[in-house]
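Architecture at a glance
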Amino acid sequence: QGRGQVSKRRRSQGATGQGRRGGDNMGDGEKARRKVRPGLIEADPLECALLVHYDIEEVIDGEKQTKSSVKKIKLSSLSLDSDVAMVAQDVVDKCKLLSSSKLPLVMEVIQQIVQRAHAGMRNEEDEVEWEANWQQAKRSEVDRFMGQEHQLFDSAGQSISLDDLDSYLEMLYEDDMEHKIRGTFLILQLVRDPDNLELLIQKEQFLGLLTRLFREEANKSMDLVINIVYIFFAFSNFSSFHETMTEYKMGDMVLKVIELEVKRSAHRVEQAQKRNTTATGEELEKETKKLKITEKKQDKLLYVCFHVLLNMAEDIKIERKMKKRGITKMLVGMLSRRSPELLLLAVAFLKKLSIFKENKDEMRQCNIAQALMPFIPAPSQDMTMATLRLILNLSFDTAMRTQVVKDGIIPKLVKLLKVAAMRHLSLKVLYHISMDDKCKSMFTYTDCIPMVVNMVQNFPDKFVEKTLIALAINLAANSRNAEAMAAGENLNGFLNRLFQSKDPLLAKMLRNLSQHDGAVKLRMAEFVADLAALTRQTTNADLLVELLGILGNMTMSADTIPFSQILIDYDMINFLHNHLAAGASEDDIMLEIIIFIGTCVSDPQCAPIFANSQLVAVLYDLMADKQEDDEMVLQITYTLFRCLQHESTREVLLNHTQVVSYFVDLLYDKNAEIRKMADQTLDLVMQYDAEWAKQIRLRKFQIYNAQWLEAMQHHVQDGGMQGMMQGATHGATNVPQLRVNKGYGMEVAGYSNDDHSPVYQKEDQDAQQMRVSDNFFVEDDEDDFGYND
């Protein structure tokens, strides 16, 4: 038997080689030389066979090409009683790749095979069970779905062989449909062996006949269509055959079958509903049973059709053509079917399509969110995982997140957090949902917060996993969630873990917790000194930003947090000064330091400390350096507003800097919030300094009435109303410049020290207008912009 198999394999290889040489006829000028070099000899790890490795070297027109291959020599009759030397000699004699010098090595390998077989001997029952399991493992996914074994013999008991292909193809020409179904079934058994595919596709008559039969007979027999589509599927598993499949328009034919089956299914359901109103109980039961059988067969057909399309969709151009034909809508429609295999395939296909915006938008229009909810969770874990992956792709879209939340996905995902295999995907989807502010409050009354708190505090690694801590950060931004997260000993646990791990993301979560007024902030006040100490120690820029952010959020009374003592004990003044030096730190760190200084200045005892340092002057200089950064300018303005509330720092600002001139200049700023903050700061200056008040009042009059003054000036130049407007314009256009403090010879944008008249600038169209009153500047009836500490 082994001799016959070897001989047949040689004939097959010889035929293939001849065909290849015939196809590679490249002309008289090109010459080809071929050498075969034997290599490693080893035992097959699964079968009772030898594996002989060899390299084929071909020199074609001077170019050397090498191809590696393996020859399998089956030893079917080998047993414990076999003469190893005789078997080895027989193998060497019949295999041209093995020379006589390889005989000892062949004997050694055969001896290993015999010993392996002896060590793994099983009784007859075990052998049957092992063989059944092995055959089950070898069956492909499609074979399992078909529920059919790979048949080696036809109904007459004759073996199904590639040599009989012509007789199988002749059956396809018969008028009888049963012969056509039988012929396609026998061909299907051939294509289940991947080794036959290349030989079949080289036969010109084969694919042409199958595709013609498919087009002409597809509407007549579902069994015939299923057999042919399964043949297409066998080829679609290999990318090298996709181009040939495209040439024969197999994808187009498969899509037409899907469209037809969808219409048939809808018509079948409609007819069944009509019969339900008139049929008796026995007739109804019979029709229902018949409908289930038809539906099961249709599911089998739809499954393999979509699988063919999924394989061919590796090419993005083909996928675009499928999209134009409505593949997305078809797949969403499949989610209402009952077949587990078809449902899993449909979800996997939709996941592949969902990476493109156009497909994602179409899925949303088809209300895919509602169709997916029954599968979270699904009876099969694979189906649940596939559904979560699809929803994860879709959840990047805000509208899609809104849909899934509306359909109640949050409680379902929270339950899946208890399943270790699904926890990571569930956390990712929950993280995406938590990005929407309106969805954060939906987590409050679920088990999500206790579970997230527990996972964060007990995470085994030094740093908490990013998806988990990102979800915790988002949840902490909601005040109710923050209270639940900090309840009991949770806050202490978070802070203890922070001091040990120095995790920047954990610090970010605590920063979000600290921004909420109430019990959470009051409890965090106990740890301000420890946080200040960690701030001084850390060299991690990300961690430093978050720690400064927490300290900046601690806007509480001096009785609660002694900032003045903390500044002295931890030498914070020098620390802050060093980081505010030009080029010393990144802008994020500098911004947090400015906010922290503003928080500290709220304590009157801190004002003298800052006044005796250079920090106030540094802030003023920093405002000029960062004038293009609106956030930086706004926070510096607010911090200086705080400094002006205390006598010691106010004296430094008003008498040793040109900060008032700069605030006046900020009234021209395009940012409305900066303009409002500058206006409030100038109001404060006017309360404490009468000389500044007079000049600021005139400047504000000029700014808020610039258009009117300009119009009046043109009118005066034209000679009209000269007497009436002389006094008004004289006071408005001959105002002395703002005073310049000693030591500051700088020029403020828009003003010159050498020119006693202001440089008028037009405000942008969005600047709110002011009406003149006794105080010269009164805003329209709007509330002042509020600034949180």
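Report on the accompanying structure.

What counts and what doesn't
- Residues numbered from 1 in each chain as written.
- Predicted model: local features only at pLDDT ≥ 70, side-chain atom pairs only at ≥ 80, totals over all residues.
- Heavy atoms only, no water.
- Helix = DSSP H or I, 4+ residues; strand = E, 2+ residues; numbered from the N terminus.
- Buried < 20%, exposed > 50% of the residue type's maximum accessible area, 1.4 Å probe, protein only.
- Contact = heavy atoms within 4.5 Å.
- Areas by Shrake-Rupley, 256 points an atom, 1.4 Å probe, with all protein chains shown as cover.
- Salt bridge = Lys/Arg side-chain N within 4 Å of Asp/Glu carboxyl O.
- Expected span 1.5 Å × (residues − 1).
- Phe/Tyr/Trp six-rings, centres within 6.5 Å; stacked < 30°, edge-to-face > 60°.
- Polar contact = N/O pair within 3.5 Å; in protein donor to acceptor, adjacent residues only side chain to side chain.
- Core = buried A, V, L, I, M, F, W, Y, C linked by side-chain atoms within 4.5 Å.

**Some points on the overall build of the protein chain**
A tally of helices and strands in the protein chain yields 43 helices and three strands. With 789 residues in all, the protein chain has 46% of them scored as buried. For the protein chain, contacts bridging at least 24 residues in sequence account for 68% of all contacts bridging at least 6. Total accessible area on the protein chain stands at roughly 41,700 Å², and carbon and sulfur atoms take up 49% of it.

**Quick notes on the pattern of salt bridges**
When charged atoms on two side chains of opposite charge get close, those side chains can pair. Inspection of the entire model under this criterion finds 26 salt bridges. Across the salt bridge formed by E319 and K352, the nearest N and O atoms sit 2.5 Å from each other. Of this pair, E319 sits in helix α14 (residues 316-324) while K352 is found in helix α16 (residues 340-353), placing the two residues 33 residues apart along the sequence. For K352, a relative accessible area of 28% puts it in the partly exposed group. Several salt bridges converge on common partners, so that one network encompasses K357, K360, D361, R364 and D397.

**Some words on helix α12 (residues 250-276)**
The first and last C-alpha atoms of α12 sit 39 Å apart over 27 residues, in line with the 39 Å expected at 1.5 Å per residue. Here α12 has its buried residues at M250, G251, M253, V254, L255, V257, I258, E261, S265, R268 and A272.

**Examining the packing of aromatic side chains**
Throughout the structure, instances matching the rule amount to six aromatic pairs. Centre to centre, the rings of F214 and F232 are 5.6 Å apart; their planes meet at 45°, and the pair counts as tilted. Taken as a pair, F214 in helix α9 (residues 204-217) and F232 in helix α10 (residues 222-236) lie far apart in primary sequence, 18 residues in all. With a relative accessible area of 0%, F232 lands in the buried category. Members of the aromatic cluster, connected to one another through ring pairs, are F206, F235, F238 and F241.

**Let's talk about helix α37 (residues 630-643)**
Its 14 residues place the ends of α37 20 Å apart at the C-alpha level, agreeing with the 20 Å of an ideal helix rising 1.5 Å per residue. Taken across its 14 residues, α37 has twelve buried, putting it largely inside the fold. When α37 is considered as a whole, its buried residues turn out to be M632, V633, L634, Q635, I636, T637, Y638, T639, L640, F641, R642 and C643. Of the surrounding elements, those touching the buried residues of α37 are α34 (587-601), α36 (615-625), α38 (647-656), α39 (659-666) and α40 (672-688). Regarding α37, its N-cap is D629, as a side-chain oxygen of that residue lies 3.2 Å from the backbone nitrogen of E631 further along.

**Quick look at the nonpolar core**
Formed by 207 residues in total, the largest nonpolar core has its most connected members in F306 and M509. Sorting elements by how many residues they give to this core places α10 first, with twelve residues. What M509 contacts, discounting residues up to four positions off in sequence, is I469, A472, I473, A476, M485 and F494. Grouped together as the second largest cluster of nonpolar side chains are 22 residues, A43, V52, L97 and L98 included.

**What to know about the side chain of E592**
By secondary structure assignment, the location of E592 is in helix α34. Exposure remark for E592: the relative accessible area of 8% places this residue in the buried category.

**Considering unusual backbone geometry**
Omega for the bond connecting I376 with P377 falls within 30 degrees of zero, at -5°, which places this linkage in the cis form. Looking at the element boundaries, P377 is found in the loop between α18 (368-372) and α19 (381-394). Unlike most non-glycine residues, N367 shows phi in positive territory, near 55°. Inspection of the secondary structure assignment puts N367 in the loop between α17 (357-365) and α18. With a phi close to 55°, K502 is a non-glycine residue in the positive phi region. By secondary structure assignment, the location of K502 is in the loop between α27 (490-501) and α28 (504-514).

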